[in-house]
Amino acid sequence: FSPHALAIPITVVPAFWQTAWFRAAGIVVLLGITWPIYRVRLALFRARQRELEDTVAARTRDIREAHTQLAGAYARIEELSRTDALTGIGNRRSIDLRVPDLLARVERDAHAPNRRLAFFLLDIDRFKTINDEHGHAVGDAVLRALGSLLMQQEGEDRLAVRWGGEEFLVVSCIDNDAAALAADSVSSASFGL
């Protein structure tokens, strides 16, 4: 408490970790460590991305291939659902699909207003006798032969289907005059194999 104050200059030196050069070196070391880690992570990410893209591409190819196979199988099933397995010609379901087109053809056929749609039912006489005397293999051969013959006659204006058993149905676009003539000749004819 004297009038003469004693002043001693004291310099407090910071610890080495508190110095600017240490902080700058720490930042450099931190960058030196994190930059390679960042590069490695980026490379791993890009490799994983390529792997995922390859997997997606492979799965997409698989799905497209499966879709193509499924579409082919569906088309085959659709065809089988419209075709008689024994004769290869259409079945009753094919009538549902084709008769509307045949009706539309008759209706829009302006150059022949007398056109009509005719249905002819063909029945093999004594077919049971064929099966009984010669066996079902011969009966099947007869049905296939008639189916083949009718299939050769099919066209844009004509449809032949196996109606059931030994019966076949022919749907055809014909003129009114031809319809009358066909009705007379069919009623007096007997078809037998």
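Residues numbered from 1 in each chain as written. Predicted model: local features only at pLDDT ≥ 70, side-chain atom pairs only at ≥ 80, totals over all residues. Heavy atoms only, no water.

Moving on, we get to the overall build of the protein chain. The helix and strand tally for the protein chain stands at 5 helices and 3 strands. Listing each helix as α and each strand as β along the protein chain from the N terminus yields α-α-β-α-α-β-β-α. With 193 residues in all, the protein chain has 21% of them scored as buried. For the protein chain, the share of sequence-separated contacts (at least 6 apart) that also reach a separation of at least 24 residues comes to 62%. Summed over its atoms, the accessible surface of the protein chain is roughly 14700 Å², and 61% of this surface lies on carbon and sulfur atoms. (Helix = DSSP H or I, 4+ residues; strand = E, 2+ residues; numbered from the N terminus. Buried < 20%, exposed > 50% of the residue type's maximum accessible area, 1.4 Å probe, protein only. Contact = heavy atoms within 4.5 Å. Areas by Shrake-Rupley, 256 points an atom, 1.4 Å probe, with all protein chains shown as cover.)

When pLDDT is averaged along the protein chain, the result is 85; 88% of the residues meet or exceed 70. Per-element confidence in the protein chain is highest for helix 1 (residues 20–82), whose mean pLDDT is 94, and lowest for helix 5 (residues 176–188), whose mean pLDDT is 55. (pLDDT = per-residue confidence, 0-100.)

What follows concerns the nonpolar core. In terms of nonpolar packing, the biggest core is built from 11 residues, these being Ile89, Ile124, Phe127, Ile130, Val142, Leu143, Leu146, Leu150, Ala160, Phe168 and Val170. Counting only elements with at least two residues in this core, the list comes to helix 3 (127–134), helix 4 (136–153) and strand 3 (167–175). Per-element tally for this core: the top contributor is helix 4, with 4 residues. By size, the runner-up hydrophobic cluster in this structure holds 10 residues, among which are Val99, Leu117, Leu159 and Cys173. (Core = buried A, V, L, I, M, F, W, Y, C linked by side-chain atoms within 4.5 Å.)

Moving on, we get to the environment of Gln153. Summarising the element assignment, Gln153 is placed in helix 4. Among the residues examined, Gln153 registers a relative accessible area of 43% and is labelled partly exposed. For the pair formed by Gln153 and Val170, sequence separation is 17 residues and the distance between their alpha carbons is 9.7 Å.

Moving on, we come to the sheet that holds strand 3. Taken in spatial order, the 3 strands line up as 1-3-2 in an open sheet, and their pairing is antiparallel. Edge positions in the open sheet fall to strand 1 (115–123) and strand 2 (158–164), since each of these has one partner strand only. Averaged over all neighbouring strand pairs, the angle between strand axes comes to 25 degrees, with direction disregarded. Judged from the 6 bridges that link them, strand 2 and strand 3 form a sheet pairing that is antiparallel. (Pairing = 2+ DSSP bridges. Axes fitted to C-alpha atoms, helices over the stretch in contact; angles between N-to-C directions.)

On to the packing of helix 1 against helix 2 (residues 92–108), then. For the pair helix 1 and helix 2, the least separation of the axes is 6 Å and the interaxial angle reads 100 degrees. Looking at the two axes, helix 1 sits roughly perpendicular to helix 2. Seen from helix 1, the contacting residues are Glu78, Ser81 and Arg82; seen from helix 2, they are Arg93, Ser94 and Leu97. Per-class residue counts for the contact of helix 1 with helix 2 are 1 nonpolar, 2 polar and 3 charged. (Parallel < 35°, antiparallel > 145°, perpendicular 65-115°, else oblique. Nonpolar A, V, L, I, M, F, W, Y, C, P; charged D, E, K, R; others polar.)

Bringing the environment of Ser81 into the picture now. The topology assignment puts Ser81 in helix 1. A residue is classified by how much of its surface remains accessible, and Ser81, at 27% relative accessible area, is partly exposed. Separated by 11 residues in the primary sequence, Ser81 and Arg92 place their C-alpha atoms 9.5 Å from one another. Side-chain polar atoms of Ser81 contact the side chain of Arg93, separated by 2.9 Å. (Polar contact = N/O pair within 3.5 Å; in protein donor to acceptor, adjacent residues only side chain to side chain.)

It is worth spelling out the packing of aromatic side chains at this point. Taken as a whole and judged by the stated rule, the model has 4 aromatic pairs. Where Trp35 meets Tyr38, the ring centres are 5.5 Å apart and the plane angle is 35 degrees; that geometry is what we call tilted. Here Trp35 pairs with Tyr38, and both are found in helix 1, just 3 residues apart, close to one helical turn. On the accessibility criterion, Trp35 (53% relative accessible area) is exposed. Among the aromatic side chains, those forming a connected cluster through ring pairs are Phe16, Trp17, Trp21 and Phe22. (Phe/Tyr/Trp six-rings, centres within 6.5 Å; stacked < 30°, edge-to-face > 60°.)

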